[in-house]
Amino acid sequence: MPRVDPQGRLHFKIVFWGPSLSGKTTSLRWIYNNVEGITKGRFVSIEDPTGRTLYFDYTPVSISSKVVFDLYTVAGQRRHKIQRRKVLEGVDGILFVADSDPAQLQENEISMTELRQLLGDKLGREIPLVVLLNKRDLPNAVSKETLLNALKIVPVNIRVYEGIAIRGIGVKQAFKAIVREVLWNYYQRAKQQKAQ
Amino acid sequence: MEPNVFEKILTRLIKSESGIRRAILVDRTGLTIAHASKFSSYYPIDVEGIGAIASAIFVGSEEQGKNLDIGDLQMVISEFENGKIFAISCGQGVLCLITDPDVNIGMIRLLMKRTAAELGKLLDEFLSATVSIPVEEKKEEEEELKAALDALEQL
Amino acid sequence: MLSEDVIKSILENLGKMEGVKGVVITTTEGIPVHSTFPPDVTEKISAFAASLLGKAKEMIKEVGGAKVTFITLDTSEGELLISSEQEYVIAILR
Ligand SMILES: Nc1nc2c(ncn2[C@@H]2O[C@H](COP(=O)(O)OP(=O)(O)O)[C@@H](O)[C@H]2O)c(=O)[nH]1
Ligand SMILES: [Mg+2]
């Protein structure tokens, strides 16, 4: 559920999820630096000295005056599970950033399993999910099918994009898709509520 | 509820003891609810980012307390070279004060405990009210959602 | 930090004073280091005594620059004495 702040703006929380080093921070930074037409706050990161996310990255963006998207990434390393759970509190939509590196195949799977455990059957329903298959530029990238299999994702009911975050490819499309789904999802549910 | 009731309470808190520079009220998901500062900010400060970290640190410490089985978290005091940050649980939210380094810690704690009790009630009221928006406001909200969807396609 | 010995000697001296009901020793930051009162009362006395002494020092500095050594508050139910010892504030109720 989005929250209303005292200025009457609707806040939706979107979390970029995925295993360590899959490109979540790169994607969020790219959106922050390159998508025109959004109003943004500062980019906040809690990271270790090597630039790995320790807790989260955060930036608020808005595309219209009354709606704000609070964008977060999580720390992907396994030991940060508790921090991830905290960041997930109040989430309205998930952009799952998967890594095409064959060595990371199992990490993708583990990360998706953890997400499913935390959100239960809300994931993909009340809380929309969009998947970005990142690092498609890697010469040894695993096939799309293999990756989706590992994630147990059927692309029929879930939007999947292939991308190269370091070059900004596919990132904007995936971002727009999750924002659209989050807005639609809430719009439909608000209408249903009104009809009752 | 009066729209700037939170700012008013925060402003009163800042004025009640010397050395308090700013006060921020956040919820436990990282959303900034209200903010007040002693000086009309000379430099732009990203309140929402600060609020997000303040909330995360508090919630993180709370979790640590649970893991270590040492009970509920009441207050976090962070001491820096040139200032202090105080954070206290406040209903469903967290109240944060940023102060000068040489403040009366005892007094700030006392003031925060009192204010948190008052603010906590109001905040819980506010947060529970926003989940059930009255029907007449829904219309307006529908327009806002449409505007956002339109703007999205322009990106 | 105030050593056990110093606290002990302060308390011993106070013991010689007449009619002492209780004492709180706090830092100038209002953090209690020793008290004969329950925690909630200690918290309040510490905060206000340190604040009051700070204000008094500030005032005296503004008007002349002498050193504040002692504050006495007379109330309908007795006295509150506040003195400063190094970086500590001692509040005595009697
Ligand atoms: N080859 C390649 N590397 C990428 C891509 N996206 C991110 N990276 C690199 O992967 C590493 C981890 O990225 P980061 O965004 O920090 O990952 P996070 O842990 O998910 O936040 C960095 O060295 C990035 O430069 C991509 O599309 N292709
Ligand atoms: Mg990262």
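Above: the structure in question.
Report follows, based on the coordinates. (Residues numbered from 1 in each chain as written. Chains lettered and ligands numbered in written order. Predicted model: local features only at pLDDT ≥ 70, side-chain atom pairs only at ≥ 80, totals over all residues. Heavy atoms only, no water.)

1. A word on the overall build of chain C
So, point 1. When you go through chain C residue by residue, the secondary structure sums to two helices and five strands.
So, point 2. A globule of 94 residues ought to have a C-alpha radius of gyration of about 12 Å, and chain C, at 13 Å, matches this closely.
So, point 3. A principal-axis box enclosing the C-alpha atoms of chain C has dimensions of 35 × 35 × 25 Å.
So, point 4. Put simply, chain C has 94 residues, and 34% of those count as buried.
So, point 5. Long-range pairs, those at least 24 residues apart, make up 42% of the contacts in chain C with a sequence separation of at least 6.
So, point 6. Across chain C, 9 positive and 14 negative side-chain charges occur, with their mean positions spaced 3 Å apart. (Helix = DSSP H or I, 4+ residues; strand = E, 2+ residues; numbered from the N terminus. Rg over C-alpha atoms; globule rule 2.2 N^0.38 Å. Buried < 20%, exposed > 50% of the residue type's maximum accessible area, 1.4 Å probe, protein only. Contact = heavy atoms within 4.5 Å. Lys, Arg positive; Asp, Glu negative; His and termini not counted. Charge placed at Lys NZ, Arg CZ, Asp CG, Glu CD.)

2. So, the overall build of chain B
So, point 1. Helices and strands together make up the secondary structure of chain B, namely four helices and five strands.
So, point 2. Here the C-alpha coordinates of chain B stretch approximately 50 × 40 × 30 Å along the principal axes.
So, point 3. Counting only contacts in chain B whose residues sit at least 6 apart along the sequence, the fraction spanning at least 24 positions is 55%.
So, point 4. Accessible area of chain B: about 7,600 Å², with a carbon and sulfur share of 54%.
So, point 5. Taking the average place of the 16 positive charges on the side chains of chain B and the average place of its 26 negative ones, the gap between the two points comes to 8 Å. (Areas by Shrake-Rupley, 256 points an atom, 1.4 Å probe, with all protein chains shown as cover.)

3. Comments concerning the packing of helix 1 (residues 24–34) of chain A against helix 5 (residues 171–195) of chain A
Residue and element names in this part refer to chain A.
So, point 1. Axis separation between helix 1 and helix 5 bottoms out at 10 Å; the angle between their running directions is 85°. As far as their axial angle goes, helix 5 and helix 1 are roughly perpendicular. Here Ser27, Trp30 and Ile31 of helix 1 lie close against helix 5, whose contacting residues are Val171, Lys172 and Phe175.
So, point 2. Among the residues forming the contact of helix 1 with helix 5, the class breakdown is four nonpolar, one polar and one charged. (Axes fitted to C-alpha atoms, helices over the stretch in contact; angles between N-to-C directions. Parallel < 35°, antiparallel > 145°, perpendicular 65-115°, else oblique. Nonpolar A, V, L, I, M, F, W, Y, C, P; charged D, E, K, R; others polar.)

4. Digging into the interface of chain B and chain A
So, point 1. Each partner contributes residues to the interface: chain B has 38 residues there, and chain A has 46 residues.
So, point 2. With both sides pooled, the region where chain B packs onto chain A buries about 3,600 Å², and carbon together with sulfur makes up 65% of that total.
So, point 3. Three residues, Thr29, Leu145 and Leu155 of chain B, lead the burial of chain B against chain A; their summed loss comes to 18% of the area buried on that side.
So, point 4. The interface formed by chain B and chain A contains five salt bridges.
So, point 5. Among the ionic pairs, Glu153 of chain B bridges to Arg180 of chain A, the shortest N-O distance being 2.8 Å.
So, point 6. For the interface between chain B and chain A, the tally reads nine residue pairs in polar contact (both at pLDDT 80 or more).
So, point 7. Broken down by element, the residue count for the side of chain B that touches chain A peaks at 13 residues, all from helix 4 (residues 135–154) of chain B.
So, point 8. Classifying every residue of the side of chain B that touches chain A by side-chain character gives 20 nonpolar, seven polar and eleven charged. (Buried area = accessible area lost by both parts, 1.4 Å probe. Salt bridge = Lys/Arg side-chain N within 4 Å of Asp/Glu carboxyl O. Polar contact = N/O pair within 3.5 Å; in protein donor to acceptor, adjacent residues only side chain to side chain.)

5. What to know about the sheet that holds strand 2 (residues 32–35) of chain C
All names here are of chain C.
So, point 1. Read from one edge of the open sheet, five strands run 2-1-5-4-3, paired in antiparallel fashion. With one partner strand each, in any of the chains shown, strand 2 and strand 3 (70–75) form the two edges of the open sheet. The mean angle between the axes of side-by-side strands here comes to 15°, regardless of whether they run parallel or antiparallel.
So, point 2. Here strand 3 runs beside strand 4 (residues 78–85); their pairing, made up of six bridges, is antiparallel. Directly across from Thr72, in strand 4, lies its bridge partner Leu81.
So, point 3. Sheet strands in contact with helix 1 (residues 4–16) are strand 1 (22–27), strand 2 and strand 5 (88–93), and its direction is about 150° off that of strand 1. (Pairing = 2+ DSSP bridges.)

6. A word on the site of ligand 1
Residue and element names in this part refer to chain A.
So, point 1. Inspection of the region around ligand 1 gives 15 residues, with Leu21, Lys24, Thr25, Thr26 and Asp137 positioned closest.
So, point 2. Within the contact set of ligand 1, an oxygen atom lies 3.2 Å away from a backbone nitrogen or oxygen of Ser22.
So, point 3. Asp137 places a polar side-chain atom, nitrogen or oxygen, 2.8 Å from a nitrogen atom of ligand 1.
So, point 4. The fraction of the free accessible surface of ligand 1 (580 Å²) that becomes covered by protein chains is 75%.
So, point 5. Broken down by element, the residue count for the shell around ligand 1 peaks at three residues, all from helix 1. (Near = heavy atom within 4 Å.)

7. Looking at the coordination of the magnesium ion (ligand 2)
Residues and elements named next belong to chain A.
So, point 1. On the protein side, the magnesium ion (ligand 2) has Thr25 (OG1) and Thr53 (OG1) as donor atoms, found 2.1 Å from it. Remark: Thr53 occurs in strand 5 (residues 53–64) and Thr25 occurs in helix 1; sequence separation between them is 28 residues. For the pair Thr25 and Thr53, a shared accessibility class is recorded, and that class is buried. (Donors = N, O, S within 2.8 Å, 3.2 Å for Na, K, Ca; no water.)

8. Quick word on the pattern of salt bridges
So, point 1. As enumerated under the stated definition, the model contains 21 salt bridges over all chains in all.
So, point 2. Between Arg159 of chain A and Glu181 of chain A there is a salt bridge whose closest N-O contact spans 3.5 Å. Placement of the pair is Arg159 of chain A in strand 9 (residues 159–162) and Glu181 of chain A in helix 5, with a sequence separation of 22 residues.
So, point 3. Accessibility expressed as a relative area gives 44% for Arg159 of chain A, which makes it partly exposed.
So, point 4. Judged by relative accessible area, Glu181 of chain A falls into the partly exposed class, the value being 26%.
So, point 5. If you follow the salt bridges from partner to partner, you end up with Arg85 and Lys86 of chain A together with Glu63 and Lys66 of chain B in one network.

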